[in-house]
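Structural overview for review
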Amino acid sequence: MSIMQYNGGSVIAMVGKDCVAIASDLRLGSQAMGISSHFEKIFPMTDRVYVGLPGLATDVTTLHHQFRYRLNMYTIKEEREIEPETFAHLVSSTLYEKRFGPYFIEPVIAGLQKTASGDFKPYIAATDLIGCLNFAKDFVVAGTASDKLFGVAEGLWEPDLEPEDLFETIAQTLLNAVDRDAYSGWGAVVYVLTKDKVIKRELKGRMD
Amino acid sequence: MDVSFAITGKGYVIVAADTTAARSIVKMKTDEDKIKVLSPHLLMAYSGEPGDTVQFAEFVERNIRLYHIRNPHGLRPQSAASWIRRTLADSLRSRRPYSVNLLLGGYDTSEHAPHLYWMDYLGTMVEVPFAAHGYGAYFALGLLDRYHDPEGSLEDGLATLRRCIDEVAKRLVVAPGQYKVKVVDKDGVREIAL
């Protein structure tokens, strides 16, 4: 088994109408043995940039701290908060720095990008473990259930979903995908980002 | 082959580890203490590669002690756990990493709450209500899911621990004979005879 599957876990992000959502499961395992059902993999970077870090759990923590540090340095130097697109490139270059001894993480970024006219545009992206960026207009997936997530999301997602409908779509996509994956599940967490608020909901799934 | 358990309850953490020191198929010693007292309110059970374990545990012990000497306040369990995780994570990508798995139990005297951290040699860390390492984990985690009570008294916790130890003794081929049990609560650390 690959090191990417050692701890298990999955993340998905989706675009809606003037909103984005990012969700993950809460399992931490050691191969097939479950250790914790409260292991969060999604972290707020700013009020409107969130990052999900599925993969090897030690690198989840290490990279979270690394991003927090680099983000603080950016915020101090620039005297402003980072935009999602800029943050995606920061993630990409942080991972590529370790090209020949990588962190075993496939990050997913979700945020609201400020446009020239002053309103916010949904932004989602994902990278592989060495930082190759993948932008998408609809949804991005990563983790041990990524293949299942692709299938369910392809069937459920539609353009221009309102925040509440987007929540339902992403929640059902995640819950149904992780039920077909032994290494993901044990509860889930969903964040829906809109221009004036962030909604966090913790979900119970099949706890087996 | 080491087996270790830890259980939190109402205001306490119980940490238990077997006391055998083995080399290949031979028991060299049956009274080895594999639980370090890092500070007046912090316990650490260690297991893994022989040699690495004691070396790493002593390294951690002395660094925590140094922090206590340099600063007016000691490290709280969360901070100590963070520092230990970082040390293991840095070690993992060094030329020769430590292969040490840990259970870190502590009582936070500022917020009056017990904390338990499960940590492995990769630097994976998570806070849990109960935890186990080694072959014992395969037998004990199921029992703990069923019988653990986060609001249970010390007696309840010890009874649950006894269940785990008995199950391991019954079903594990290479079950260890004896365990050392330590408890940390508001009054500090003490050893308990089962």
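For the structure itself, look to the data block above.
For the structure given in this document, a descriptive report is provided here.

The rules behind these values
- Throughout, residues of each chain are indexed from 1 in the direction in which the sequence is written.
- Numbering of ligands from 1 and lettering of chains from A proceed in the order in which they are written.
- Since the coordinates come from a predicted model, pLDDT governs what is reported: local features require at least 70, and pairs of side-chain atoms require 80 or more to be given and counted, while whole-chain, interface and lining totals use all residues.
- Side-chain numbers come from the whole structure's heavy atoms, not from hydrogens or water.
- Put simply, DSSP marks the helices as runs of H or I at least four residues long and the strands as runs of E at least two long, and each gets a number from the N terminus on.
- This radius of gyration counts C-alpha atoms alone. The globule rule is 2.2 Å times how many residues there are, raised to the power 0.38.
- The contact definition used throughout considers only heavy atoms, calling two residues in contact when any of these lie within 4.5 Å.
- Every accessible area reported is derived by Shrake-Rupley at a probe size of 1.4 Å, with residue values counting cover from the shown protein chains alone.
- Throughout this description, the term nonpolar core refers to a set of buried Ala, Val, Leu, Ile, Met, Phe, Trp, Tyr and Cys residues connected via side-chain atoms within 4.5 Å.
- The buried label goes to any residue with under 20% of its type's maximum accessible area, the exposed label to any with over 50%, and the partly exposed label to all in between, with areas taken from a 1.4 Å probe on protein chains only.
- The patches reported here contain residues having more than 30% relative accessible area and no salt bridge. Joining distances are 9 Å for like charges and 5 Å for nonpolar side chains (Val, Leu, Ile, Met, Phe, Trp, Tyr).
- For this document, the term salt bridge refers to a Lys or Arg side-chain nitrogen within 4 Å of an Asp or Glu carboxyl oxygen.
- Pairing between strands is defined by DSSP: at least two bridges between the two strands are required.
- Note on geometry: axes are lines fitted to C-alpha atoms, helical ones only across the stretch in contact, with angles between N-to-C directions running from 0 to 180 degrees.
- Ring pairs shown here join Phe, Tyr and Trp side chains whose ring centres sit within 6.5 Å, with only the six-membered ring taken for Trp; geometry is labelled stacked below 30 degrees between planes, edge-to-face above 60, and tilted in between.
- Cavities and pockets are defined on a 1 Å grid built over the protein atoms alone: a cavity is a set of grid points where a 1.4 Å probe fits but cannot escape, while a pocket is an open set with protein on both sides within 12 Å along at least five of seven lines, and lining residues are those with an atom within 4 Å of any such point.
- Grid points are joined across faces, edges and corners, and a volume is the space filled by probe spheres set on the points.

Looking now at the overall build of chain A. A tally of helices and strands in chain A yields 4 helices and 12 strands. A globule of 208 residues ought to have a C-alpha radius of gyration of about 17 Å, and chain A, at 16 Å, matches this closely. Taking the principal axes of the C-alpha coordinates as reference, chain A spans close to 50 × 40 × 25 Å. Here the contacts in chain A between residues at least 6 apart in sequence split such that 63% fall between residues at least 24 apart. Accessible area of chain A: about 9300 Å², with a carbon and sulfur share of 51%.

The biggest cluster of nonpolar side chains holds 64 residues, and the ones touching the most others in it are Phe87 of chain A together with Phe5 and Leu161 of chain B. Ignoring anything within four residues of it in the chain, the contact list for Phe87 of chain A reads Met45, Val49, Val51, Phe67, Leu71, Ile82 and Ile109 of chain A. Of all hydrophobic cores here, the second largest spans 23 residues; its members include Val141, Ala153, Leu175 and Ala177 of chain A.

On the surface, Met1, Tyr135, Tyr138, Val173 and Val174 of chain B cluster together into a nonpolar patch covering about 610 Å² of accessible area. Its place among the elements puts Val174 of chain B in the loop between helix 4 (154–171) and strand 11 (179–185).

Residue and element names in this part refer to chain B. Position of Lys27 among the secondary structure elements: in strand 4 (residues 26–29). Separated by 16 residues in the primary sequence, Lys27 and Gly11 place their C-alpha atoms 36 Å from one another. Contact partners of Lys27, with chain neighbours within four places excluded, come to Thr20, Ala21 and Ala22.

Residue and element names in this part refer to chain B. Ordered in space as 10-1-2-11-12, the 5 strands form an open sheet in which the pairing is antiparallel. Sheet topology places strand 10 (130–133) and strand 12 (188–192) at the edges, where each strand pairs with a single neighbour. Here the strands of the sheet are splayed against their neighbours by 15° on average, with no regard to which way each runs. Here 7 bridges tie strand 2 (residues 12–18) to strand 11, and the two strands are oriented antiparallel to one another.

Below, the discussion takes up the packing of aromatic side chains. Inspection of the entire model under this criterion finds 9 aromatic pairs over all chains. Relative to Tyr191 of chain A, the ring of Tyr50 of chain A has its centre 4.9 Å away and its plane inclined at 50°; by these criteria the two rings are tilted. Pair noted here: Tyr50 of chain A is in strand 6 (residues 49–52) and Tyr191 of chain A is in strand 11 (residues 188–194), with a separation of 141 residues, a long-range link. Through pairs of rings, three or more aromatic residues link up here, namely Phe56, Phe59, Trp83 and Tyr98 of chain B.

Before going further, it helps to spend a moment on empty space enclosed by the protein. By rolling a water-sized probe across the atoms, one finds the places where empty space is left. Residues and elements named next belong to chain B. Per the stated rule, a full pass over the model turns up 1 cavity of 30 Å³ or more. Reported here for the largest cavity is a volume of approximately 30 Å³. Forming the boundary of the largest cavity are Ile7, Thr8, Tyr12, Tyr147, His148, Asp149, Gly152, Asp156, Gly157 and Thr160. For the lining of the largest cavity, the elements supplying multiple residues, two or more each, are strand 1 (4–9) and helix 4. Here the lining of the largest cavity takes 3 residues from helix 4, the largest share from any one element.

Interpretation in functional terms is not warranted from these geometric data alone.
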